[in-house]
Amino acid sequence: MKGFLKYVNVTEIVRPIGQLLAFSCGSAVVMSAIAIGIALMLDKTAVGVDLLDRYNVSVYTYTMINLPQVVIDGLTIGFVYAAIALGYTMVYGVLEFINFAHSEIFAVGAFVGVELLIALDSSGMLAGASLGMAYSYLILAILMGMLAAGGLAMTVERVAYRPLRGASRLVPLISAIGVSFFLQDVIRLVESLTTGQFNRIMPTFGNFDQRIVFGKFAMGTSNITLGISVKSIVVIVSAVLMLVALNYLVNATRIGKAIRAVAQDRNTASLMGINVNRIISTTFLVGGMLGGAAGVLYALKFTRIDPFVGFFPGLKAFTAAVLGGIGNLTGALLGGIVLGMLETFAGSYMGIFTMGAAGSEYKDIFAFSILILVLIFRPQGLMGKNVGQKA
Amino acid sequence: MSLLKLENVHSYYGRIHALKGISIEVNKGEIVTLIGSNGAGKSTILRTISGMMHPKKGSVEYNGKNISQTAPHDIVMSGMVHVPEGRGIFPTLTVKENLEMGAFTLRDRSLTEERMEYGCTLFPRLKERLGQYGGTLSGGEQQMLAIARALMMDPDLLMLDEPSMGLAPILVELIFDIIKTLNDKGTTILLVEQNALMALSIAHRGYVLQTGEITVSDTAANLKNNTEVQKAYLGMD
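In this text, all values refer to a predicted model and were calculated from it rather than measured experimentally.

Thresholds, definitions, all that
- Residues numbered from 1 in each chain as written.
- Chains lettered and ligands numbered in written order.
- Predicted model: local features only at pLDDT ≥ 70, side-chain atom pairs only at ≥ 80, totals over all residues.
- Helix = DSSP H or I, 4+ residues; strand = E, 2+ residues; numbered from the N terminus.
- Rg over C-alpha atoms; globule rule 2.2 N^0.38 Å.
- Buried ≥ 20, exposed ≤ 12 C-beta atoms within 10 Å, placed from the backbone.
- Contact = placed C-beta atoms within 7 Å.
- UniProt positions renumbered as here; feature names shortened; annotations may be inferred.
- Core = buried A, V, L, I, M, F, W, Y, C linked by C-beta atoms within 7 Å.
- Pairing = 2+ DSSP bridges.
- Axes fitted to C-alpha atoms, helices over the stretch in contact; angles between N-to-C directions.
- Right-handed = clockwise from strand over helix to strand, strands pointing away.
- Nonpolar A, V, L, I, M, F, W, Y, C, P; charged D, E, K, R; others polar.
- pLDDT = per-residue confidence, 0-100.

Colleague: It is not clear to me how the overall build of chain B should be interpreted in this structure. Could you clarify?
Modeller: Along the backbone of chain B there are ten helices and ten strands. Against the globule reference of 18 Å for 237 residues, chain B gives a C-alpha radius of gyration of 17 Å, in line with a compact fold. A total of 237 residues make up chain B; the buried ones form 46% of that total. A sequence separation of at least 24 residues applies to 66% of the contacts in chain B between residues at least 6 apart.

Colleague: Would you mind going over the overall build of chain A with me for this structure?
Modeller: The secondary structure content of chain A amounts to 14 helices and four strands. At 22 Å, chain A has a C-alpha radius of gyration in line with the 21 Å of a compact globule built from 391 residues. Expressed along its principal axes, the backbone C-alpha trace of chain A runs to roughly 70 × 55 × 50 Å. Residue burial in chain A is summarised as follows: out of 391 residues, 46% are buried. For chain A, restricting intrachain contacts to residue pairs at least 6 apart in sequence, the fraction spanning at least 24 positions comes to 76%.

Colleague: Sorry, what's going on with the environment of Y62 of chain B here?
Modeller: Residues and elements named next belong to chain B. With respect to the helices and strands, the residue Y62 is situated in strand β4 (residues 57–62). The spacing of Y62 and V216 is 154 residues in sequence and 23 Å in space, taken between C-alpha atoms. Sequence-distant contacts of Y62, that is, excluding residues within four places in its chain, are made with L3, L4, I67, S78 and M80.

Colleague: Could you clarify how one ought to interpret the UniProt feature "domain: ABC transporter" (unreviewed entry) in chain B in this entry?
Modeller: Within this numbering scheme, the UniProt entry marks residues 4–236 of chain B as carrying the feature "domain: ABC transporter" (unreviewed entry). In residues 4–236 of chain B, helix accounts for 39% and strand for 27%; the two terminal C-alpha atoms are 32 Å from one another.

Colleague: Hey, could you run me through the nonpolar core in this one?
Modeller: Burial of nonpolar side chains together is a common tendency in soluble globular proteins. Residue and element names in this part refer to chain A. V80, A82 and A83 are the most contacted members of the largest nonpolar core, which has 185 residues in total. By residue number, the principal contributor to this core is helix α4 (residues 59–95), which donates 22 residues. If we ignore the near neighbours within four places in the chain, the residues touching V80 are V235, A239, A294, L297, Y298 and P313.

Colleague: Would you take a moment to explain the sheet that holds strand β7 (residues 157–161) of chain B for this structure?
Modeller: The strands making up a sheet associate through hydrogen bonds between their backbones, and the pairing can be parallel or antiparallel. Residues and elements named next belong to chain B. Across the sheet, six strands lie side by side as β6-β7-β8-β3-β9-β10; this open sheet has mixed pairing. Here the strands that pair on one side only, and so sit at the sheet edges, are β6 (80–83) and β10 (213–219). Each strand of the sheet is rotated relative to its neighbour by a mean of 15°, with strand direction disregarded. Note: strand β3 (residues 31–36) against strand β8 (residues 188–193), five bridges, orientation parallel. Within β8, the residue paired with T33 across the bridge is L191.

Colleague: Hey, could you run me through the pairing of β8 of chain B in this one?
Modeller: Two faces belong to every sheet, and in a regular strand the side chains alternate between them. Residue and element names in this part refer to chain B. Buried residues dominate β8, accounting for six of its six residues. Pairing between β7 and β8: five bridges, direction parallel. Paired with L158 across the two strands is I189, which belongs to β8. In this view, the connection linking β7 to its parallel neighbour β8 by way of helix α7 (residues 169–184) has right-handed handedness.

Colleague: Looking at this model, I keep getting lost on the sheet that holds β4 of chain B. Mind explaining?
Modeller: Residue and element names in this part refer to chain B. Read from one edge to the other, the open sheet built from four strands follows the order β2-β1-β4-β5, with strand pairing classed as antiparallel. Of all strands in the sheet, those with a lone pairing partner are β2 (16–27) and β5 (65–66), marking the two edges. With two bridges connecting them, β4 and β5 associate as antiparallel partners. Within β5, the position partnered with Y62 by the bridge is K65. Helix α1 (residues 42–49) contacts β1 (2–13), β2 and β4 of the sheet and is inclined by roughly 70° relative to β2.

Colleague: Mind showing me how you'd approach the interface of chain A and chain B here?
Modeller: Frequently, the measure chosen for interface size is the accessible area that the parts lose on association. At the junction of the two partners, chain A supplies 14 residues and chain B supplies 19 residues. Secondary structure elements with two or more residues in the side of chain A that touches chain B: α9 (254–264) and α10 (266–271) of chain A. Residue contributions to the side of chain A that touches chain B peak at five residues, all from α9 of chain A. Looking at the side of chain A that touches chain B residue by residue, the class counts come to five nonpolar, six polar and three charged.

Colleague: Just checking my understanding: could you explain the confidence of the model for chain B for this structure?
Modeller: If pLDDT is low for a region, its predicted coordinates should not be looked at in detail. Looking at chain B as a whole, its pLDDT mean stands at 92, while 99% of the residues score no less than 70. No element of chain B has a lower mean pLDDT than helix α10 (residues 227–233) of chain B, at 82, and none a higher one than β7 of chain B, at 95.

This is the structure we're talking about:
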């Protein structure tokens, strides 16, 4: 045991957990402060009067009642975004191009996981499953999603990107967009041939839909219920595990060092005896696996998936990667969490803050405004270094 | 016995004919230098040998085996290491990680550490900087790191591309002393240098390159006294 521990780099396990904690708490505090600030300002305006009239709560009270729930939802989706964003950012790190097919890799992961669970459900294995079995099935679904997505990502690289390695940078980008459409239609084709329907629903099983209530207390005339659904916990815990594992892989293992070496200088890396093609394949495999797992977790959280399910999460995760600084793994974590928080806060409070004029359907404006603002004012992202254009 | 042998090698960058029938030979235990002006094809020869580019015509034989179409990461395994022009330090890997990358194909951890220790005795400066990022080192330290990293594979043949580039004279001397020491210990060296005088002072033999062709090939002592070479590369009249 001692000999084994000698080779385990403990800092590389503690550091990312600390980072995730700091990013989560930091963005939660900042977003909450903004929301509460706006609420306090609105209390004196027509919005506050109207709300007091209708529901007998002030905007401030309303904001506070919802706050814990919003933060938890924001974190849940934020971690999913972070896991997808890592796929974009890793590939960008080694090849300097945006793998726009990554959103479909995510969707394939989601479909494989959900179809597996649906199959298990229809064979009656989910209905009577004990809690332990339910979790085993979910883990199995996540693993299968990871495997399928990782394998697919590797194949896509081999078939659609590697032959274009020497071409100008625009060419593989266009290829990626083509692959993205192709995969969407493959999912549609396969689903219509086998099941005849595009919308697939995650079966209900285990205790994932229950809510754990921590406590209730009165605030004014309303009651605050603090609680978290089991599936949110599952999503957060699995995402954190994956993110920490990935961080460890990249920063503390031989393969991870080789990935970083290839990202920095492909030619010199090959002179060290590193098989560059194999490392690039590995990068796609790892990124794809994260995306696939994120797909299954997304399906667990949002229940319904269709062949286009990857588009918006993919675009958001891309935004998250750019926000954090594309090519920077820590940046992807930060970007994912910030974006998830921002979006959930906007979705939850916009309706009430605007007296219903603009509801949660406008929440995407925030994500993409962020993308535009970052590209204009800080193109290297929050954590990226300005390295200038590489030839 | 010849360790490395290039025969009538033609290499291209796209449509540019960079090497026009190069034939050179490096024997075991020698220091051989390639001198020539910018763009003569010195680096291209090294790149062709280490597999970063493949010749269109001709053969590269190492230890009697044709390696002209072998991938660079496989060539490393056969005991030849190429320190590229500009040193090729990974800027955001630490000095220690850079050294570990040099031993990437080596699975033996204790041997890796042993060689790292050796590199640090050769260049004590590196030992103080093990935890620092490669990109934060000075030019001289980077060159030391590049050589130490190359030695992690314990190569039979070490190819150095412009090790003196951008270094203060005192550091150039240090680097060349190390090269000489390595050679005394049995490592064969193929050296590409702009600083022809320095290169010829430690080399056994040399080749003079001009626009992709070898114009003169002789012992280092004779090249030093060759009037053409003196005029063109040694700055003497």
